[in-house]
Amino acid sequence: MGPTMGRVLGNLIAGALMSILAPSVTGHAQVGYDRPGGDYTSFVQRSGDPAQCAARCERDARCRAWAFSYPATENANAVCWLKSRVTARVPTTCCVSGVRGAGVIEPQTGPFEFSIDRVGGDYRHFDIPADPSGKTCQVACEAEEGCRAWTYLRPGYGQASAACYLKDRITRPQRRPCCISGVIR
């Protein structure tokens, strides 16, 4: 075998290995979207964490996509649906969905910290209507002189209704799917 043929063969083998070993990221999982259709199984997700639904899809060879609904939206409990095919995304506030290999990507939009709980510093809390954006809680905090941060608790996480926690100090953010938080600067 000549040097040219050796390089060609080496490049072919390297390319094949890269396609096998490199992670396949064919799309992004996003909050605020469902992927109707293609379900082959569903189950209650006790942790209420969409990242665990995505991880379950990663471990199942049949799974091509997944959808997760927060508790107290479509069902009383959080539910994960595994899908045998990738269907189109449909905007909806109940859900997070994605394709195998993408993980969960929370929205990064201005003052909103999705899946973040700022524990402590509460000086007042109250039940509020369900609001998948957390905006109602942010507005309540902005209306009060001493409010420095806020946390919106989604319905179905620890209580049936949604709640808003107003804080007199900025506390450390902790990743929790139950909540949307923000800081007033």
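Parameters at a glance
- Residues numbered from 1 in each chain as written.
- Predicted model: local features only at pLDDT ≥ 70, side-chain atom pairs only at ≥ 80, totals over all residues.
- Heavy atoms only, no water.
- Pairing = 2+ DSSP bridges.
- Helix = DSSP H or I, 4+ residues; strand = E, 2+ residues; numbered from the N terminus.
- Axes fitted to C-alpha atoms, helices over the stretch in contact; angles between N-to-C directions.
- Contact = heavy atoms within 4.5 Å.
- Core = buried A, V, L, I, M, F, W, Y, C linked by side-chain atoms within 4.5 Å.
- Buried < 20%, exposed > 50% of the residue type's maximum accessible area, 1.4 Å probe, protein only.
- Salt bridge = Lys/Arg side-chain N within 4 Å of Asp/Glu carboxyl O.
- Disulfide = S-S within 2.5 Å.

An order of β1-β5-β3-β4-β2 is seen for the 5 strands of this open sheet, with the pairing classed as antiparallel. Looking along the sheet, the strands with just one partner apiece sit at the ends: β1 (30-34) and β2 (39-44). Neighbour to neighbour, the strand axes of the sheet diverge by 35° on average, direction disregarded. Examined bridge by bridge, strand β3 (residues 65-69) and strand β4 (residues 79-83) share 5 bridges and lie antiparallel to one another. In the strand pairing of β4, Ala 65 is matched with Lys 83. Seen against the sheet, helix α2 (residues 50-59) touches β2, β3, β4 and β5 (90-99) and runs at an angle of roughly 155° to β3.

Let us now look at the sheet that holds strand β9 (residues 162-167). Hydrogen bonding along the main chain pairs the strands of a sheet, whether they run parallel or antiparallel. Pairing is antiparallel across the open sheet formed by 5 strands, whose spatial order is β6-β10-β8-β9-β7. Taken across any chain shown, the strands that pair with only one partner, and hence form the sheet edges, are β6 (113-118) and β7 (122-128). Taking the axes of each pair of neighbouring strands and ignoring which way they run, one obtains an average angle of 40° across the sheet. With 5 bridges connecting them, strand β8 (residues 149-153) and β9 associate as antiparallel partners. Following the sheet pairing, Leu 153 is matched in β9 by Ala 163. With respect to the sheet, helix α3 (residues 135-142) is in contact with β7, β8 and β9, its orientation differing from that of β8 by roughly 150°.

Attention now goes to the nonpolar core. The biggest cluster of nonpolar side chains holds 20 residues, and the ones touching the most others in it are Trp 66, Phe 68, Tyr 70, Leu 82, Val 96, Leu 153 and Tyr 157. Going through the elements one at a time, β2, α2, β3, β4, β9 and β10 (173-183) are the ones with two or more residues in this core. Sort the elements by how many residues they give to this core and α2 lands first, with 3 residues. With 14 residues, the next largest nonpolar core counts Ile 128, Ala 140, Ile 180 and Ile 184 among its residues.

A separate point is the pattern of salt bridges. For the structure shown, the criterion picks out 6 salt bridges. Notably, a salt bridge pairs Asp 49 with Arg 175, separated by 3.2 Å at the nearest N-O pair. Of this pair, Asp 49 sits in the loop between β2 and α2 while Arg 175 sits in strand β10, placing them 126 residues apart in sequence. A relative accessible area of 45% places Arg 175 in the partly exposed class.

This part covers the state of the cysteines. Throughout this description, disulfide means a covalent bond between two cysteine sulfur atoms. Enumeration according to the criterion identifies 6 disulfides in this entry. Here Cys 57 is linked by a disulfide to Cys 63, with a sulfur-sulfur distance of 2.1 Å. The S-S bond linking Cys 57 to Cys 63 shows a torsion near -100°; that makes this disulfide left-handed. Between the sulfur atoms of Cys 94 and its disulfide partner Cys 95 the distance amounts to 2.2 Å. Of note, the bridge from Cys 94 to Cys 95 carries an S-S torsion of about -75° and is left-handed in sense. Within the chain, bonded cysteines paired by disulfides and numbered along the sequence follow the pattern 1-4, 2-3, 5-6, 7-10, 8-9, 11-12.

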